[in-house]
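Next come the chains, spelled out residue by residue.
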Amino acid sequence: MRLVILGAGPAGYAAAFAACALGADVVVVEDRGLGGNCTLWDAIPSKTLLHTASVMAAVDRAEQLGIQFEHGRPRVDLLRTVAHARYVATHQSRGIRDRLEATTVRVVNGHGRIVEAGKIAVSSEHGEVELGYDRLIVATGAAPWEPPFASVDRVRVFTPRDVLTMRELPEHLLVVGAGPTGCEYAEFFLSCGVRVTLLSAREQVLPGEDRDVAEIVEESFLGRGAELQFRARVESVDADDTGVRVTTADGRSFAGSCALICMGMRPDTADLGLDALAAETDERGAIRVDDNLCTTAAGVYAVGDVAGGMMLASTAAMQGRHAALHALGATDGVLDLHFVPWTIFTQPEVASTGLTAGAAALVGRRVDVTKHSLHANPRSVISGSTQGMIKLVTEPESGVLLGGSIVGYRASETITALALAVKAGLDVDVLADAGTVTPAMSESLQRAAEKAVTTRLARAASGLRSA
Ligand SMILES: Cc1cc2nc3c(=O)[nH]c(=O)nc-3n(C[C@H](O)[C@H](O)[C@H](O)COP(=O)(O)OP(=O)(O)OC[C@H]3O[C@@H](n4cnc5c(N)ncnc54)[C@H](O)[C@@H]3O)c2cc1C
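This structure is a prediction, so every number in the text was calculated from the model and none was measured.

The rules behind the values
Residues numbered from 1 in each chain as written. Predicted model: local features only at pLDDT ≥ 70, side-chain atom pairs only at ≥ 80, totals over all residues. Heavy atoms only, no water. Helix = DSSP H or I, 4+ residues; strand = E, 2+ residues; numbered from the N terminus. Rg over C-alpha atoms; globule rule 2.2 N^0.38 Å. Buried < 20%, exposed > 50% of the residue type's maximum accessible area, 1.4 Å probe, protein only. Contact = heavy atoms within 4.5 Å. Pairing = 2+ DSSP bridges. Axes fitted to C-alpha atoms, helices over the stretch in contact; angles between N-to-C directions. Expected span 1.5 Å × (residues − 1). 1 Å grid on protein atoms, 1.4 Å probe; cavity = no way out; pocket = protein on both sides within 12 Å on 5 of 7 lines; lining within 4 Å. Points joined across faces, edges and corners; volume = space filled by probe spheres on them. Near = heavy atom within 4 Å. Polar contact = N/O pair within 3.5 Å; in protein donor to acceptor, adjacent residues only side chain to side chain. Nonpolar A, V, L, I, M, F, W, Y, C, P; charged D, E, K, R; others polar.

**Quick word on the overall build of the chain**
Here comes step 1: From N to C terminus, the chain includes 12 helices and 23 strands.
Here comes step 2: Computed over the C-alpha atoms, the radius of gyration of the chain is 24 Å, within 12% of the 23 Å expected from 2.2 N^0.38 for a compact globule of 467 residues.
Here comes step 3: Buried positions account for 52% of the 467 residues belonging to the chain.
Here comes step 4: Here the contacts in the chain between residues at least 6 apart in sequence split such that 62% fall between residues at least 24 apart.

Here it is, written out as structure tokens:
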């Protein structure tokens, strides 16, 4: 079986490893760099920048821990911070190259375009080559959306990817869009001492999260001097030699020295030749797929960001692997992603999995919600980072864990235990009886579960009394 994969991000390389292990003849076509945008421009470099932010946050708490500074507060040198992010990205990309080189996967550098069913043309500086395939996996990712009302000049108006080529910290940054990416970059620049104004089109930051979850992040931003603007539906972003001006639909106007446009990603199907196949796209330009990642074109799969969906590196990799197994007839189950956790790496971190309380309310589903503060968690107190809580969402009758959120120190790690419990469909009792480490953030997960169990027991007891 000849399998061609377009794009070597997490979706593409996960597909390649899986298919190769099953004996397929695999070719990966990549036009920018192994590891994809995820490794070179988006997830990995942004998390490296946010590591600097977390170190700066720790510095802010250092005096409380008995650490004294003799020469004032440390300062972020943007060029060196960005250089480190680029080093990490390149290091990770090389790691993927080494792993691919240890297999029989063939990597072809260049831009792949579908010529006709069964045939791809790859163009590069060395000319054009044609590749035949029996199955094709499209894993071409997504690019930051540049709205028509903002001319992204990369001098004063930037997208997140441009942060890696910035030469100096802006004086006053307007972050347009308060979703995960907007909040993470607000976090980074705030920790660098930049004046930040964050504009959210909605009533809160992180509109995908529960209101009370987002409030903790808002308080953290406000406490560090960020300005937050809500219901700010941006209509224009204009730049001149002196700075930028952002105006909103309700007539408000904000001035700053630079603007960062964080208004989401658009699936990358540019010059892909999709028209040559009967592969449909949706209104956002994502390639339509079924539960097995099959497109409407026979033998063609689409995985990762180009297929829309959750747009996470982890789901991209799971989709890539699933599509490869399906293409080779090695699986007959559909891919289930309902439990996959996601994190926003602000201070504190926000991590969620499965069904959140807000999502349950949106669809009118009755659930039990248990909240537990992280205020007294010993690990929180030791780290000096006590903001946060755990929210568990359970099925009222059975106590089965449906999902939840964790806002707090190292939430990105603690969430995995909850995600696993949601995936396994465990009763909250199991989590309440799970042994955890002391002192650790996971202790509070157990405390939250105990609380949920007690509430159910108390409700059952009062039901018995009233019967
Ligand atoms: C700022 C930011 C931060 C993020 N942080 C996180 C995070 O912390 N955790 C997380 O899970 N997710 C995060 N994400 C999302 C994550 O980066 C994406 O979900 C992930 O990159 C998707 O992987 P992919 O394989 O679908 O595509 P990509 O990583 O985008 O890779 C696609 C590849 O295809 C190549 N390509 C495109 N067209 C062609 C063509 N015609 N021929 C050949 N090659 C082509 C591209 O060059 C690219 O290398 C973040 C995203 C952004 C924007």
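From this point, the narrative continues.
**Considerations on the sheet that holds strand E13 (residues 234-239)**
Here comes step 1: The antiparallel open sheet is built from three strands, whose spatial order is E13-E14-E15. Every other strand in the sheet has two partners, leaving E13 and strand E15 (253-256) as the edge strands with one partner each. Ignoring which end each strand starts from, the neighbouring axes of this sheet average 15° apart.
Here comes step 2: Where E13 lies against strand E14 (residues 244-248), five bridges are found, and the strand directions are antiparallel. Looking at the pairing, Val 237 lines up with Val 246 of E14.

**Some points on helix H7 (residues 313-327)**
Here comes step 1: Over its 15 residues, H7 extends 21 Å from the first C-alpha to the last, a length consistent with the 21 Å expected when each residue adds 1.5 Å.
Here comes step 2: Listing the buried residues of H7 in full gives Thr 315, Ala 316, Gln 319, Gly 320, His 322, Ala 323, Ala 324, Leu 325 and Ala 327.
Here comes step 3: Considering only its buried residues, H7 is in contact with helix H1 (10-21), strand E7 (135-138) and strand E18 (300-302).
Here comes step 4: At the C-terminal side of H7, Gly 329 shows a positive phi close to 70°.

**A closer look at the layout of surface pockets**
If a probe the size of a water molecule is rolled over the atoms, the empty space left behind becomes visible.
Here comes step 1: In this model, the second largest pocket occupies a volume close to 410 Å³.
Here comes step 2: At six residues, the largest contribution of residues to the lining of the second largest pocket is made by helix H3 (residues 43-60).

**Comments concerning the sheet that holds strand E6 (residues 127-132)**
Here comes step 1: Strand order in the open sheet formed by three strands is E4-E5-E6, and the pairing between neighbours is antiparallel. Only two strands of the sheet have a single partner each, and these edge strands are strand E4 (111-116) and E6. This sheet shows a mean twist of 30° between the axes of neighbouring strands, independent of strand direction.
Here comes step 2: Pairing of strand E5 (residues 119-124) with E6 involves six bridges; the strand directions are antiparallel. Bridging across to E6, Val 122 finds its partner in Val 129.

**Description of the site of the ligand**
Here comes step 1: Around the ligand lies a shell of 36 residues, among which Glu 30, Asp 31, Asn 37, Lys 47 and Asp 305 are the nearest.
Here comes step 2: A distance of 2.9 Å separates an oxygen atom of the ligand from a polar backbone atom of Ala 11.
Here comes step 3: Ala 313 places a main-chain nitrogen or oxygen 2.9 Å from an oxygen atom of the ligand.
Here comes step 4: The class makeup of the residues in the shell around the ligand is 15 nonpolar, 14 polar and seven charged.

**Concerning unusual backbone geometry**
Here comes step 1: Between Gln 347 and Pro 348 the backbone carries a cis peptide bond, its omega angle lying at 5°.
Here comes step 2: One can find Pro 348 in the loop between strand E19 (342-344) and strand E20 (349-354).
Here comes step 3: Residue Pro 439 is bonded to the preceding Thr 438 through a cis peptide linkage, with omega at -5°.
Here comes step 4: When you line up the elements, Pro 439 lands in the loop between helix H11 (428-432) and helix H12 (442-466).
Here comes step 5: Phi is positive for Arg 231, close to 50°, though the residue is something other than glycine.
Here comes step 6: Note on placement: Arg 231 falls in the loop between strand E12 (227-229) and E13.
Here comes step 7: For Leu 293, which is not glycine, the phi dihedral falls at a positive 70°.

**Comments concerning the environment of Val 129**
Here comes step 1: Following the sequence through the fold, Val 129 ends up in strand E6.
Here comes step 2: Not counting chain neighbours up to four residues away, the residues in contact with Val 129 comprise Val 108, Ile 120, Ala 121 and Val 122.

Shape descriptors only; they carry no functional weight alone.
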